[in-house]
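Architecture at a glance
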Amino acid sequence: MKIEIKNTVIDENYPGLKNIELAYELYGNLVVDGSLEIKLKKLLKVSEGIEAEDGIKAEKGIEAGWGIDAGGSIEAGRGIAVGGSIAAGGGIMSGGGIEAGGGIEAEECIEAEW
């Protein structure tokens with residue numbers, strides 16, 4: 001399933017968001033025409049991939065089953081984890097770790113706290 005949205009904020013009231021024990025889950029491939037801001041107090045897990053025309057900013061962690069691709073920077077207050085690759089037109093910054101089953105590529109810096 002493909003979830004297409006324009007510049008948006010995902011919070012606890014976002015349609016289709018499932019609250020599980022330690023995270024929130026969205027099923028499908030999240031495609032954003034513009035920027036994505038994730039305002040959740042727990043990790044966001046997306047079953048497929050995340051694509052954003054501009055940047056992605058998350059208060060906590062981001063996890064995607066496939067990969068994360070952003071035209072701008074990717075920032076997460078906690079870790080970033082994907083089954084595939086991570087690509088950013090800007091930098092990739094994480095308050096925790098950065099983990100990818102494939103490659104990690106950024107036009108600018110890559111920073112992780114651990």
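Above this text is the structure in question.
Residues numbered from 1 in each chain as written. Predicted model: local features only at pLDDT ≥ 70, side-chain atom pairs only at ≥ 80, totals over all residues. Heavy atoms only, no water.

Remarks on the sheet that holds strand β5 (residues 43-46)
- Strand order in the open sheet formed by six strands is β2-β3-β5-β8-β11-β14, with mixed pairing between adjacent strands. Pairing within the sheet leaves two strands with one partner each, and these edge strands are β2 (18-19) and β14 (98-100).
- Pairing of β2 with strand β3 (residues 23-26), which is carried by two bridges, proceeds in the antiparallel orientation. For asparagine 19, the partnering residue across the bridge sits in β3 and is tyrosine 24. (Pairing = 2+ DSSP bridges. Helix = DSSP H or I, 4+ residues; strand = E, 2+ residues; numbered from the N terminus.)

Comments concerning the pattern of salt bridges
- What the rule picks out here adds up to two salt bridges.
- A salt bridge links glutamate 37 to lysine 39, with the shortest nitrogen-to-oxygen separation between them at 3.9 Å.
- Since its relative accessible area comes to 32%, glutamate 37 is described here as partly exposed.
- With a closest N to O distance of 3.5 Å, lysine 41 and glutamate 59 form a salt bridge. A residue pair is termed long-range when its members are at least 10 positions apart, and lysine 41 in the loop between β4 (29-38) and β5 and glutamate 59 in the loop between β7 (56-58) and β8 (62-64) qualify at 18 residues.
- Take glutamate 59: its relative accessible area is 37%, and that puts it in the partly exposed class. (Salt bridge = Lys/Arg side-chain N within 4 Å of Asp/Glu carboxyl O. Buried < 20%, exposed > 50% of the residue type's maximum accessible area, 1.4 Å probe, protein only.)

All quantities given are derived from atomic positions and should not be read as evidence of function.
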